[in-house]
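Here is what each chain is made of, one letter per residue.
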Amino acid sequence: MNYTPRSTTVRLFLTVWLVYGAHLTSNVVRETYLAIAIGDRLSVRVDPFVGLHPDLFTIPGRGGYINSNPGASMLGAVPYAMARPLIAGLFAVRPELAAPKPPASYSDSRPNRTRLMNEMRARGLDVRLALAAIVTQLGLMAPVGALGAVLMFLYLRARLGVDDRTATWLALLYAFGTPVFFRSGFLNQNVLLAHAVLGAWMILTWPGARDDDRSRNRRWAAVGGLLGFGLVLDYSAAPLAVVFGCWALLEGFAGGGMSAAIRRGGACVVGSTIPVLLLLGYQWLAFGSPWYPAQRYMPDTSLSVVGWNGFSEPTLDLLWRNLLDPRYGLFVFCPMLVGALAAPLIVRRGAPSNVRTETAVALLAAAALWVFSSANQFAHLQWNTGVRYMVPVVPLLFLALVPVLLTMRPRLRWMLIGPTLVISFAVSMTREDPLTAVRMLLTDGPVLPMLVVLGKTAAAYAPFMAGGVQPWGYIA
């Protein structure tokens, strides 16, 4: 059967949304609390939830806040607000769901999970928070991830000229073979930043019939807007913004001298103005000053006292761990991305100068975030969450990898892709580190994250699942 590009994009979008949605989890993260506060009360204060998460803190006289930038919560508040009538209706029919509950057991080696669950149960917030996590995943994370796969399909067709079949498989590989899949299981600012980076990259490099100086400046203004909102999502957007900003200046200088460089850089800055003002306004509203991030006000921890609020010079320990630690290293979660490092060797063979420049920028952006993340002492906490800090550059590394994959022999290509897909599905199913996840997949078979959680909390929520469930029909 032949499919048109339009029908392929629809099928691709629905497929990715469905698979991402099936792999949702009820993980409640700090951004979930602010999403609820905005969706319920249009407030940035999370006072009702203080004590439920170590990254929620109180400023005397001002109230409770999250130790994170607000962008992901602002986006997550939209589907949550849309679902509020349904959630309220459920609690009206079943008021016991919102009532305080006695302690229960959580079968997990990490004691904080039991403590958190029982604190939520004691306050009668357990079901509400789980529903908020599910709604934000189905209404934000899954569809945005599916849109990213569609854009990847269209971009590879337009940019590389590959046929529809090849572009489809590469888009599916991006959706299911990279940590974008793993991090899309719940509300997460790192993968949302990855989507913003992908959008910025495509705006700059998408082939266009008209690309004069004025049109190019408009593209850079749009990139400034996306990366500016990237800062609203997370301050790890800063090194990426610096690399893209240098690219704007160099491109302008090469094309028209200093005045053109100023116009390019100025367009980028102008584009970022509104989102940056949004971030400063949030900080002013929450903390009383627009100039300092939430980390400055967070009570001291063992990591925050290192350097400036946990930010110091890059350490050799984190430099290797962010890439190779078996619990959260980027290349452990996604081995095929190692192939992106060979991209300069591939594109130098007669490739146009702009392609060589773009490859260099992609790798420089990845290196900048790597160094930045290795200076952030909180990166040590990734052992509990899996790969996270390096996720924003996954789209750039994947795009650098594509020419490498297309030039490889099929057997070598599958030797790189095969293990990556196994790891990606294993960690997305079990929410464990790669070694543990693959072992669980091989010994216990396929699972789904929500079924894992319900199995671990069977005594409290699903007694019939105490022995575990294999969801073969659902997975198929």
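Please refer to the structure higher up on the page.
Throughout what follows, the structure given in this document is the object of discussion. Since the structure is predicted, the reported quantities are computational estimates derived from the model, not experimental observations. (Residues numbered from 1 in each chain as written. Predicted model: local features only at pLDDT ≥ 70, side-chain atom pairs only at ≥ 80, totals over all residues. Heavy atoms only, no water.)

**What to know about the pattern of salt bridges**
Then step 1. Counted by the stated rule, this structure contains 17 salt bridges.
Then step 2. Between aspartate 47 and arginine 45 there is a salt bridge, with the nearest N and O atoms lying 2.7 Å from each other.
Then step 3. On the accessibility criterion, aspartate 47 (33% relative accessible area) is partly exposed.
Then step 4. Here arginine 123 ties to glutamate 119 by a salt bridge, and the two come within 2.9 Å at their closest N and O atoms. With arginine 123 and glutamate 119 both in helix H4 (residues 111-123) and four residues apart, the pair spans about one turn of that helix.
Then step 5. If you follow the salt bridges from partner to partner, you end up with Asp213, Arg216, Glu251, Arg263 and Arg264 in one network. (Salt bridge = Lys/Arg side-chain N within 4 Å of Asp/Glu carboxyl O. Buried < 20%, exposed > 50% of the residue type's maximum accessible area, 1.4 Å probe, protein only. Helix = DSSP H or I, 4+ residues; strand = E, 2+ residues; numbered from the N terminus.)

**Looking at helix H2 (residues 30-41)**
Then step 1. Taking 1.5 Å as the rise per residue, H2 with 12 residues should run 16 Å; its terminal C-alpha atoms sit 17 Å apart, in good agreement.
Then step 2. Within H2, 10 of the 12 residues are buried, which leaves the element mostly enclosed by the surrounding structure.
Then step 3. Among the residues making up H2, those that are buried are Arg30, Glu31, Thr32, Tyr33, Leu34, Ala35, Ile36, Ala37, Ile38 and Gly39.
Then step 4. Among the residues trailing H2, leucine 42 stands out with phi positive, at a value near 50°. (Expected span 1.5 Å × (residues − 1).)

**A closer look at the packing of helix H8 (residues 189-205) against helix H9 (residues 213-233)**
Then step 1. For the pair H8 and H9, the least separation of the axes is 9 Å and the interaxial angle reads 175°. Comparing their axes, H9 and H8 come out roughly antiparallel. Contact with H8, carried on its side by Gln189, Leu192, Leu193, Ala196, Val197, Gly199, Ala200, Ile203, Leu204 and Thr205, involves Arg216, Arg219, Trp220, Ala222, Val223, Leu226, Leu227, Gly230 and Leu233 of H9 and no other residues of that element.
Then step 2. In terms of residue class, the contact of H8 with H9 is built from 13 nonpolar, four polar and two charged. (Axes fitted to C-alpha atoms, helices over the stretch in contact; angles between N-to-C directions. Parallel < 35°, antiparallel > 145°, perpendicular 65-115°, else oblique. Contact = heavy atoms within 4.5 Å. Nonpolar A, V, L, I, M, F, W, Y, C, P; charged D, E, K, R; others polar.)

**Section: the pairing of strand E1 (residues 56-59)**
Then step 1. In this structure, E1 lies alongside strand E2 (residues 63-66), joined through four bridges in antiparallel fashion. The residue bridging isoleucine 59 from the neighbouring strand is glycine 63, located in E2.
Then step 2. Between the end of E1 and the start of E2, which pair antiparallel, lie three residues, with glycine 61 showing a positive phi angle near 85°. (Pairing = 2+ DSSP bridges.)

**A few points about the environment of leucine 90**
Then step 1. Tracing the backbone shows leucine 90 in helix H3 (residues 71-93).
Then step 2. Along the chain, leucine 90 and arginine 113 lie 23 residues apart, while their C-alpha atoms are 26 Å from each other.
Then step 3. Here leucine 90 is in contact with Leu97 and Leu131, once residues within four sequence places are set aside.

**Description of the environment of tyrosine 282**
Then step 1. Within the secondary structure, tyrosine 282 sits in helix H10 (residues 237-287).
Then step 2. With relative accessibility at 5%, the residue tyrosine 282 sits in the buried group.
Then step 3. When the C-alpha positions of tyrosine 282 and glutamate 31 are compared, they lie 14 Å apart, and in sequence the two are 251 residues distant.
Then step 4. Setting aside residues no more than four positions away along its own chain, tyrosine 282 makes contact with Leu34, Val44, Ile66, Ser68, Pro70 and Phe287.

**Regarding the side chain of asparagine 190**
Then step 1. Position of asparagine 190 relative to the elements: it lies in helix H8.
Then step 2. Among the polar contacts listed, one links the side chain of asparagine 190 to the side chain of asparagine 188, at a separation of 3.2 Å.
Then step 3. Contact partners of asparagine 190, with chain neighbours within four places excluded, come to Arg388, Tyr389, Val391 and Pro392. (Polar contact = N/O pair within 3.5 Å; in protein donor to acceptor, adjacent residues only side chain to side chain.)

**Comments concerning unusual backbone geometry**
Then step 1. Unusually for a residue other than glycine, leucine 42 sits at a positive phi of about 50°.
Then step 2. Positionally, leucine 42 belongs in the loop between H2 and E1.
Then step 3. Of note, arginine 431 is a non-glycine position whose phi angle comes to about 60°, a positive value.
Then step 4. Along the polypeptide, arginine 431 turns up in the loop between helix H16 (410-430) and helix H17 (434-444).

**Describing H16**
Then step 1. When the terminal C-alpha atoms of H16 are compared, their 30 Å separation across 21 residues agrees well with the 30 Å that a helix rising 1.5 Å per residue should span.
Then step 2. Of all the residues in H16, the buried ones are Ile417, Thr420, Ile423, Ser424, Ala426, Val427, Ser428, Met429 and Thr430.
Then step 3. If you follow the buried residues of H16, they end up packed against helix H6 (164-177), helix H7 (179-183), helix H12 (330-333), helix H15 (394-407), H17 and helix H18 (449-456).
Then step 4. Just beyond H16, the residue with positive phi is arginine 431, at close to 60°.

Read these as layout, nothing more, since geometry by itself doesn't imply function.
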